[in-house]
Amino acid sequence: MQNEKRIRKPLTLARLFLLIILTCLFLGALNLFNRYYFCIYIAAIVFVFLPGRRLYVNAAVLALLGLSLSILLFDPGSRTMLTNMIKPFTYPLCYVMGASLFMNDTEGALGLEETSKSIETIIFVLAGGAMAHFLLNMIINRGITDRHVIDFWTRKEMSATGQAALACLMIAVAITFLFSKVGKKKRIIAILSLVLIVAYNLVLAGRTIFLFILLLTVLALFYTFFVNKKKSLKVLVILLVVILAIVLLYYCDTFGIRNTFESSNFYQRFFTNSNGQQIDEDARMAHKQAYLSYVFDYLWGGGHIHREYGHYAHDLYLDTYDMAGIFALFAVVIYILSSLGRMVRCLKSKLLRFEVKLLILSIYVVCNIQFWMEPILEGAPWLFVSYCLIDGAVTYLLSKEKRLQANA
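Reading the values: rules and limits
- Residues numbered from 1 in each chain as written.
- Predicted model: local features only at pLDDT ≥ 70, side-chain atom pairs only at ≥ 80, totals over all residues.
- Heavy atoms only, no water.
- Helix = DSSP H or I, 4+ residues; strand = E, 2+ residues; numbered from the N terminus.
- Rg over C-alpha atoms; globule rule 2.2 N^0.38 Å.
- Buried < 20%, exposed > 50% of the residue type's maximum accessible area, 1.4 Å probe, protein only.
- Contact = heavy atoms within 4.5 Å.
- Areas by Shrake-Rupley, 256 points an atom, 1.4 Å probe, with all protein chains shown as cover.
- Lys, Arg positive; Asp, Glu negative; His and termini not counted.
- Charge placed at Lys NZ, Arg CZ, Asp CG, Glu CD.
- Expected span 1.5 Å × (residues − 1).
- Core = buried A, V, L, I, M, F, W, Y, C linked by side-chain atoms within 4.5 Å.
- Phe/Tyr/Trp six-rings, centres within 6.5 Å; stacked < 30°, edge-to-face > 60°.
- Lys NZ or Arg CZ within 6 Å of the ring centre and 35° of its normal.
- Axes fitted to C-alpha atoms, helices over the stretch in contact; angles between N-to-C directions.
- Left-handed = near helix turned anticlockwise from the far one by under 90°.
- Nonpolar A, V, L, I, M, F, W, Y, C, P; charged D, E, K, R; others polar.
- Patch = residues over 30% accessible without salt bridge, like charges linked within 9 Å, V, L, I, M, F, W, Y side chains within 5 Å.
- Salt bridge = Lys/Arg side-chain N within 4 Å of Asp/Glu carboxyl O.

Q: Tell me about the overall build of the protein chain, and please be specific about residues and values.
A: Of the regular secondary structure elements, the protein chain holds 18 helices and zero strands. A compact globule built from 408 residues should have a C-alpha radius of gyration of about 22 Å, and the protein chain, at 22 Å, falls within 12% of that. Along the three orthogonal principal directions, the C-alpha set of the protein chain runs to about 65 × 60 × 35 Å. Counting all 408 residues of the protein chain, 48% fall into the buried class. Taking all contacts inside the protein chain whose residues are at least 6 apart in sequence as the whole, residues at least 24 apart take part in 71%. As displayed, the protein chain has an accessible area near 20,800 Å², and 67% of this comes from carbon and sulfur atoms. Averaging the locations of the 39 positively and 25 negatively charged side chains of the protein chain gives two centres separated by 12 Å.

Q: An account of helix α9 (residues 208-227) is needed here, citing residue identities and associated values.
A: Along its 20 residues, α9 runs 28 Å from first to last C-alpha, staying within 8% of the 28 Å computed at 1.5 Å per residue. Residues Thr208, Ile209, Phe212, Ile213, Leu216, Thr217, Ala220, Leu221, Tyr223 and Thr224 constitute the buried set of α9.

Q: Explain the nonpolar core to me, and be specific about the residues and the numbers.
A: Grouped together as the largest cluster of nonpolar side chains are 115 residues, with contacts concentrated most on Leu25, Leu67, Tyr91, Tyr335, Leu383 and Phe384. For this core, the element with the most residues is helix α15 (residues 316-348), which contributes 15 residues. Dropping the residues within four chain positions of it, Leu25 is found in contact with Ile40, Ala43, Met97, Val125, Leu126 and Leu389.

Q: A description of the packing of aromatic side chains should follow, citing residues and the corresponding values.
A: Tallied over the full model, the rule gives 24 aromatic pairs. An angle of 70 degrees between the planes, with centres 4.9 Å apart, marks the rings of Tyr37 and Phe38 as edge-to-face. Classification of Tyr37 by relative accessible area gives buried; the value is 4%. With centroids separated by 5.6 Å and ring planes inclined at 75 degrees, the aromatic side chains of Phe261 and Tyr267 adopt a geometry described as edge-to-face. The cationic tip of Arg155 hangs over the ring face of Phe152; the distance from NZ or CZ to the ring centre is 5.1 Å.

Q: Got a sec to walk through the environment of Thr145? Specific residues and values, please.
A: Within the element layout of this structure, Thr145 appears in the loop between α6 (108-140) and α7 (160-178). Of the residues examined, Thr145 reaches a relative accessible area of 68% and is grouped as exposed. For the pair Thr145 and Leu204, spaced 59 residues apart in sequence, the C-alpha to C-alpha distance is 9.9 Å.

Q: Pulling in residues and values, what's your account of unusual backbone geometry?
A: You will see that Asn31, though not glycine, has its phi angle at about 60 degrees, which is positive. Along the chain, Asn31 falls in the loop between α1 (13-30) and α2 (36-48). With relative accessibility at 7%, the residue Asn31 sits in the buried group. If you check the backbone angles, Asn34 has positive phi at about 60 degrees while not being a glycine. Tracing the backbone through its elements, the reader meets Asn34 in the loop between α1 and α2.

Q: Now, about the packing of α9 against helix α16 (residues 354-371): what can you tell me, with residues and values included?
A: Relative orientation of the contacting elements α9 and α16 amounts to 145 degrees, with a least axis distance of 10 Å. Handedness of the α9/α16 crossing: right-handed. The segment α9 lies against α16, with Thr208, Phe212, Leu215, Leu216, Leu219, Ala220, Tyr223, Thr224 and Val227 engaging Phe354, Lys357, Leu358, Leu361, Ser362, Val365, Val366, Ile369 and Gln370. The residue inventory of the contact of α9 with α16, partitioned by class, reads 13 nonpolar, four polar and one charged.

Q: Tell me what's going on with a nonpolar patch on the surface, and back it up with residues and numbers.
A: The grouping of Phe296, Leu299, Trp300, Phe327, Phe330 and Ile334 at the surface amounts to a nonpolar patch, some 700 Å² of accessible area in total. Exposure remark for Ile334: the relative accessible area of 53% places this residue in the exposed category.

Structure representation (structure tokens):
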């Protein structure tokens, strides 16, 4: 079977449309010209004309639509111009596109496997777009000696946590590749991506990226152990060898690794006496507590807490509450809980491949951690858009699996 050549599928009109849509989604994750929503709506227009198009709609769409309407009604900033009015509706739109994009009539195990690969494609496209933005920022900030890095599109200063959001999807993909049975090309991509991400993070001097890498590595190791104990022992040995090799390279200052690290912004921020900040210090919890003290004062949003307090709460939930009120908070909580339920259903599936389940687990976990660290709808709406797309695709995958089990 391995000697058989892959048969290339002809470039039909439907495949051409799909390629255009995926390109637009890539550019949306790239946040092209800081106008991700233009890319999403172009993708939606092409999707409308996609041959054989069908729509998949469920209760999650209603929750996202409720979020969009709440933003439009209660956030004054969303009504200043037409583009601001249509931005919030990218969330339900992306969920519907994700759930409907790969709908076809192929059933059975083959059809389920094709859908799994399609979901992987969506994730790779979105992760690639966000990573491209991350690399553009890395290039434009090359040679900088402090943490005041700027964004490629806006030319304004961008926080280390905000830049970590650009890398989080690719970190999840890379860790999945390293713990899965994949080809050499994917492993090289994974290693190269992680090296570039870590290198730029030494400039950013942020903890979030290192937290993501460590957490997802541990998560992948435990999940591998849970699924296949024999395989996990092999993976654990390899991981320990890699860690030992890194320690030795650092100790011997091979390729100047130790010198590079100890002269980095990250080292200067957390490991020298000149800055006094400890690596576990963080003001985000204080911001969240402050927001909670205002929680009953401004039920209808409008950004009053941010104006009075002077800081964001740095999480999806409290910042959404401040922006668009109690109904928006309910909507986003209901949607996120339902999405996590879909993640759990994927993990329980007996028909999906290990690699697909690990990828979905890593993506959902890393995104939801990021949701607790940034004012997502204000600072990184493209990430929530990406999450909705992926979650919509996972929704369709689960519906296909359910039909397959019903017909068995």
